[in-house]
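# Structural overview for review
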Amino acid sequence: MEIDGNTLVFIIVILFLFFSTPGGDGVSSQYEFNQLQRLKQQFRTEHDAFLNMTYTDGFRNITGFKLSYQDMLNNPLQNATYPLPGKDYDRWFPEQNYMILPNEIIDSINTEVWNTSNGDTSNLFPPNITSTLLGKINLVSNNKYEKIRMPIPRFYEPASDFSDDIPPEGETYWSERHTYGELHNVSFQHGEIAIQIFHMNNLQDNNNNYLRRNFINKKSDRWKLLNLQIDFSDKAEKEKHSISSMAVYDIQRGRILSISQSSKLHSLFALPHYMSFQNEYNEKIFNEVKEVVDEYWNFTSYANVMTMKDVQNAYNNANLKCEYMTFLQLEPWNQYTRDQIKLIDDELNWPLGRPANLSSLPPLKVISGLLYSPDCGVRLEMHDVKGIRYELKIMSIRRHLLFGIALFAAQIYLLLTQMHHTNTPSMVNKISFYCFSMINLVDGSLATLYFVAASIVPELYLPLVISAFSCFILASIFEIRYLISIYASQVNEQNVGVLNLLRGNTGAYDENRPRPAFIPDEGSIGGSLYGRFFFMLIIFTFLLLSSTSWPRQLRMTFEYILIFILNSYWIPQIFRNAVKGIPSRRERTRSSIGGNRNQNKMPLLWSFVVGTTIIRSLPVVYVFTYSSNVFRHHKDVHFVVFLSLWLLFQISILYSQDILGSRWFLPKHTIPDGYSYFKALSTEYISEHGGGTAENTVDCAICMSDVPIYIEEVPETHKVDQHSYMVTPCNHVFHTPCLENWMSYKLQCPVCRSPLPPL
Amino acid sequence: MSMEPPVGLASMPVTKLSMVMTLVVPLVASIASYKHLFLLQYDPFLQTYHQYFRLFIFQFCAINESDTVILALLWYLFRHLERLLGSHKYLTLIALSWMYTTLAIWGLNLIWNAFIGQFTWLQWNNFSTGSLPIVLSLMHFYKEYTPQIYEWSIRLLGPRGGVASQNYNKQEDKSAVDWSINDQFLLNGLILLLILNQGFAGIICGFISWMCGIFIDKGLLPGLDHWRIPFVSHYISRGPPTRADVAMAANAATNTAAARATAQAATAVAGSSNAGNSGPASIPLRGSSTTPTDSSTAGDDEPGADEPARPLGVQFLDIFRR
């Protein structure tokens, strides 16, 4: 490429756009700087208030907690101002006068959710609960409770024009804006929930980067800080809600409390009060949680490291989502002793082969859980929420990947035997290009998906990369290599109609027929095929990746159709067989006595056909029939049975073609006569083309010796076997072994280079 | 025995097996994330958990990648031993070394920890990883039975070219250091690296294993003289070519078909007489032009006779050649 001035300017502009993005805290204007300062200032003020808070103290000026549920009952249009006239800030009790929860919710949390171990701490809970829990969620009510008004400070709003430097003052309420419909409500009755739990162990110390110590709170045997990612939706996935929030885990009692945080609710400072509203040890719990939260604040220097991203996220979450408080109670692991739990934990963390029976490890189970949204008045409850530990899940996925690698290896081996089986152009010519294109497309996109996954899941990097590698070798080296030779052997037929091909002929020898101007060599075919392969691969992979986020109905239809189409890979081969007209097995054995034994074999090895079908359908069968599969795919046995029958049908057709001849299903009169290389010649031919040295012979251009030919008019030549020589469509005569040998290299006439119909 | 060692592992099945195992087992174990099973320590695995299976598998997989590579190189250098002893005897020697070194290391470890290792800081806890014990046991045989082919010396002069540079008499330079190095210095260096790489455990286990090798050789630890691993001779029948094989192969190539028949008979006789001692005598050098098996005698009516047999490895390569 020549680089002129315009290109250079273009490149510089692109580079400028790349490198001029804001770094660090993401601030790109004076306005944003002021926004960020306001946010930090607000958090610092609230943190100071938080430090002075005691168990008997109310919330004062903390965002989102200025109003209690009782305030809203008293005056539904009450604005959240501080101090509220007549409100008692010096006392705090766990009831709706002081909390944003109604008394009914508080009671049901006390009696139904957090009821496993109140005073006694004899129950044992696993200290490390990284996992993904799946279960069902039900709506209890979405209109019964008063919605607490939570204003969004206006300084979060983006600048209205470039000259704006100072963010606006004041606050806005939802009621002053247009409503967002189901965004601020939950409208389905029954749905599914997924809770991902991460531990905040890997926080990096932002103050001194070079030390890189991990966050360990002083009371880590009793309290852990978690990150909770809660997603719930209805079955059809039309309405999705997702909450990401910090959580506190009480290891002694198996309780998890999570309150979402946004610009209208600063839940960090409410965790101590809401964790401790229950029993007689409450003041102790309050102080411990407060200490943990404060430790976390200091460790991460919470306010100092905020960026513009936090500002925007907080603003978006406040506008688009309800705030949710999540109360979870885990099932105790009382079947283990404390030492056993520690052993299991160590083994999962750092496997050494300790005698911890990991295969019998019970799943983490939420025995009771409640979601309540104070600002939307929505109450949800969950049941059957459980999941195995993350490390166990990784181990299980690893086993699946290893099995997949074995499948790839088997497929590579089968393909090699198949390639060895068809090692002449005549044989390769009978193979369907589209059959292998479909197989190749699936393998190629699997390789890309594995590569993508390898960068997402660092724990499985090694097996994923090995899988991607073996898959990529299979797809882009062996299969493409085979496709290139198939394509090269079929170049002759590109401009020929199916009927002509049925005649077994690349068209009668016809001077007027446009022949390909040049026959491309394998190098150029390879180039174009590789280009097509990678293009298809990228398109297909993007389609697959985007389809995972489609609504359930559409996604399932797409999936079923796609799996059906991609499992029809023998259909093109059936058509190809019919076009090429392979004789039945009996005829083949008969004709093999007379020579050309290699030319009439079935193009596909049976071990390849059966092996490939099994290898390719095993994953589908697993995903669709094994209900607790690693992909969280639903179970559908009917589809698998249908698919197996379909594959069986294809294979049986292939087999019948092998036994009965590949055109048995075509009516006799639709099959035109094929070209026959073996025919008698006339004396005209000799006079036209000149004979050989002896009488009634011609020269074979390959071995340069005489070919005795059968001439209709000359009776003494009738002793000559018509199968001993071959006449090409372009009227050149060769010995049968000579031309057959040549045709196993190239399907072109050795004399005039016109295409030859394969045998 | 010729001075030039054969290159490659074409006729060395046991060496090939050892190298492949040394490389493939760690690879598969790390992909499957089961490498920790090959870690052996007295506390907690033997003492607390009673996981005695670790004793029998720890020699199959080195934990460190560097150990894996060093061991693979050492197995390659030890191919002379296979040439010397014959594949069957070599395999027997490896198996015996594996058994005796494992038992010796384990037993001595138990004795040490029962009497001296009562104190925590004296406890012998760590073991070597990988096939270090087997290799150290084989090293005795290598040193004992492989002739030194050449040596050279390195002369290190004193500071500033040594005193000799002024005296014009290098022979009298007292500060110069002479290092004599023979052709086995690569092996010595690798063994040293292997042992030092594993620290104290490597030194102890290595020393015990070396003693095991000596005792096996002297017959103190029985087995090598009269016993062979049964049932495997079929798989390793293509042992390394011995001098007799080479001679016979040359003979067969130069002589007529009649002479060839007698040579084959001689091979058969030699094979049956050698079987007890140094493994079955093998067919002659593969791939050389002197091979007496004549492909032209194969029937033409056999399918695929017109093209040579293509093993899978050749198929792989052919795919890219085409």
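Residues numbered from 1 in each chain as written. Chains lettered and ligands numbered in written order. Predicted model: local features only at pLDDT ≥ 70, side-chain atom pairs only at ≥ 80, totals over all residues. Heavy atoms only, no water.

## Digging into the UniProt feature "transmembrane region" (unreviewed entry) in chain A
All names here are of chain A. What counts is decided by this rule: UniProt positions are given in the numbering used here, feature names are shortened, and annotations may be inferred rather than shown by experiment. Numbering goes from the N terminus for both helices and strands, where a helix is a DSSP run of H or I of at least four residues and a strand is a run of E of at least two.
In the numbering used here, UniProt assigns the feature "transmembrane region" (unreviewed entry) to residues 401-419, 431-454, 460-484, 529-548, 560-579, 604-625 and 637-655. In the segment residues 460-484, helix accounts for 96% and strand for 0%; the C-alpha atoms at its two ends are 34 Å apart. For residues 529-548, the helix share is 95%, the strand share is 0%, and the end-to-end C-alpha distance is 29 Å.

## Quick word on the nonpolar core
The test is simple: Definition of nonpolar core: a set of buried residues of the types Ala, Val, Leu, Ile, Met, Phe, Trp, Tyr and Cys, connected through side-chain atoms within 4.5 Å. Only protein chains enter the area calculation, which uses a 1.4 Å probe; residues under 20% of their type maximum are buried, those over 50% are exposed, and those in between are partly exposed.
By size, the foremost hydrophobic cluster in this structure holds 108 residues, and its most contacted members are Leu101(A), Ile195(A), Phe232(A), Tyr274(A) and Phe327(A). Among the elements that take part in this core, helix H6 (residues 282-300) of chain A stands out by supplying 7 residues, more than any other. Tyr100(B), Ala104(B), Ile134(B) and Val135(B) belong to the second largest nonpolar core, which has 48 residues in total.

## Section: the UniProt feature "domain: RING-type" (unreviewed entry) in chain A
Look at the UniProt record and you will see "domain: RING-type" (unreviewed entry) annotated at residues 700-753 of chain A. Taken end to end, residues 700-753 of chain A comprises 15% helix and 17% strand; its first and last C-alpha atoms sit 15 Å apart.

## Re the pattern of salt bridges
All names here are of chain A. This is how the line gets drawn: Between Lys or Arg on one side and Asp or Glu on the other, a salt bridge is scored when a side-chain nitrogen of the former is within 4 Å of a carboxyl oxygen of the latter.
If you walk through the whole model with that rule in mind, you get 19 salt bridges over all chains. Here Arg 154 and Glu 157 are joined by a salt bridge, their closest N and O atoms 3.3 Å apart. When its relative accessible area of 15% is taken as the criterion, Glu 157 is described as buried. Its salt-bridge partner being Arg 552, residue Glu 237 comes within 3.7 Å of it at the nearest N-O pair.

## Examining helix H7 (residues 308-320) of chain A
Residues and elements named next belong to chain A. Stated formally: To estimate how far a helix should extend, the number of its residues minus one is multiplied by 1.5 Å. By construction, the arc corresponds to the directions joining the helix axis to the C-beta atoms. Residue contacts follow a heavy-atom distance rule, with two residues in contact if any of their heavy atoms lie within 4.5 Å.
Counted at 1.5 Å a residue, the expected span for H7 with its 13 residues is 18 Å, and the 18 Å between its end C-alpha atoms agrees. Residues Met 308, Val 311, Ala 314, Tyr 315, Ala 318 and Asn 319 constitute the buried set of H7. Within H7, the buried residues cover an arc of 130 degrees as seen down the axis, which keeps them to one side. On its buried side, H7 packs onto helix H2 (30-51) and strand S2 (152-153).

## Digging into the interface of chain B and chain A
Here is the rule: In the analysis that follows, any N or O atom pair within 3.5 Å is treated as a polar contact, provided that within protein one partner can donate a hydrogen and the other can accept it, and provided that, for residues neighboring in sequence, both atoms belong to side chains. Residues are sorted three ways: Asp, Glu, Lys and Arg are charged, Ala, Val, Leu, Ile, Met, Phe, Trp, Tyr, Cys and Pro are nonpolar, and all the rest, Gly among them, are polar.
Each side of the interface is counted separately: chain B has 19 residues, and chain A has 22 residues. At the boundary of chain B and chain A, one finds 5 residue pairs in polar contact (both at pLDDT 80 or more). Those elements that place two or more of their residues in the side of chain B that touches chain A are helix H1 (13-31) and helix H13 (312-321) of chain B. In terms of residues, the side of chain B that touches chain A owes the most to one element, H13(B), which gives 5 residues. Residue composition of the side of chain B that touches chain A, grouped by class: 10 nonpolar, 5 polar and 4 charged.

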